[in-house]
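Letter by letter, the chains look like this.
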Amino acid sequence: VQLQASGGGLVQAGDSLRLSCAVSGRTFSVYYMGWFRQIPGKEREFVAAINWSGGSTYYADSVKGRFIISRDNAKNTAYLQMNSLKPEDTAVYYCAASPTRDWNRRDLEKMYDYWGQGTKVTVSS
């Protein structure tokens, strides 16, 4: 499974941005997708996850109500719509895919076997 993330950029506080993650290869082995982010000098943190087949979603408290994760099965693509962006959202964002059916641990990095290359999001104040 290969992942290609895109859509990052420089925006102002309050703006919106949509990230995309194209999935290729053995897509049938993907059970759920996640987005993580990493601020320089800090550990990577969970942002959001979506069940690939049923569409169930889960968010970190820090983005709940502002970010929306979705997927287009026909296009094998996952999205992260980011609204009301804040300077503290500045980070490199990574998409990831998990082949496990353990949805209860969707916020753990170790559940994801496949990772995209990361796309940088910078939010200016």
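Our subject is the structure listed above.
Definitions and cut-offs
Residues numbered from 1 in each chain as written. Predicted model: local features only at pLDDT ≥ 70, side-chain atom pairs only at ≥ 80, totals over all residues. Heavy atoms only, no water. Helix = DSSP H or I, 4+ residues; strand = E, 2+ residues; numbered from the N terminus. Buried < 20%, exposed > 50% of the residue type's maximum accessible area, 1.4 Å probe, protein only. Contact = heavy atoms within 4.5 Å. Polar contact = N/O pair within 3.5 Å; in protein donor to acceptor, adjacent residues only side chain to side chain. Phe/Tyr/Trp six-rings, centres within 6.5 Å; stacked < 30°, edge-to-face > 60°.

### Let's talk about the environment of Tyr93
In step 1: As for its position among the elements, Tyr93 is in strand S9 (residues 91-98).
In step 2: Residue classification places Tyr93 among the buried residues on the basis of a relative accessible area of 0%.
In step 3: On a C-alpha basis, the gap between Tyr93 and Glu43 in space is 12 Å, while along the polypeptide they are 50 residues apart.
In step 4: Not counting chain neighbours up to four residues away, the residues in contact with Tyr93 comprise Leu19, Trp35, Phe36, Arg37, Val47, Phe67, Leu80, Met82, Gly118, Thr119 and Val121.
In step 5: For Tyr93, the side chain forms a polar contact with the side chain of Arg37, separated by 3.0 Å.

### Considerations on the packing of aromatic side chains
In step 1: In the structure shown here, the tally under the stated rule is 8 aromatic pairs.
In step 2: Summarising the aromatic geometry, the rings of Phe36 and Trp115 are spaced 5.1 Å apart at their centres and angled 55 degrees between planes, so their arrangement reads as tilted. One end of the pair, Phe36, is in strand S4 (residues 32-38); the other, Trp115, is in strand S10 (residues 114-115), with 79 residues separating them in the sequence.
In step 3: The class for Phe36 is buried, based on a relative accessible area of 1%.

That's the geometry; what it means functionally is another story.
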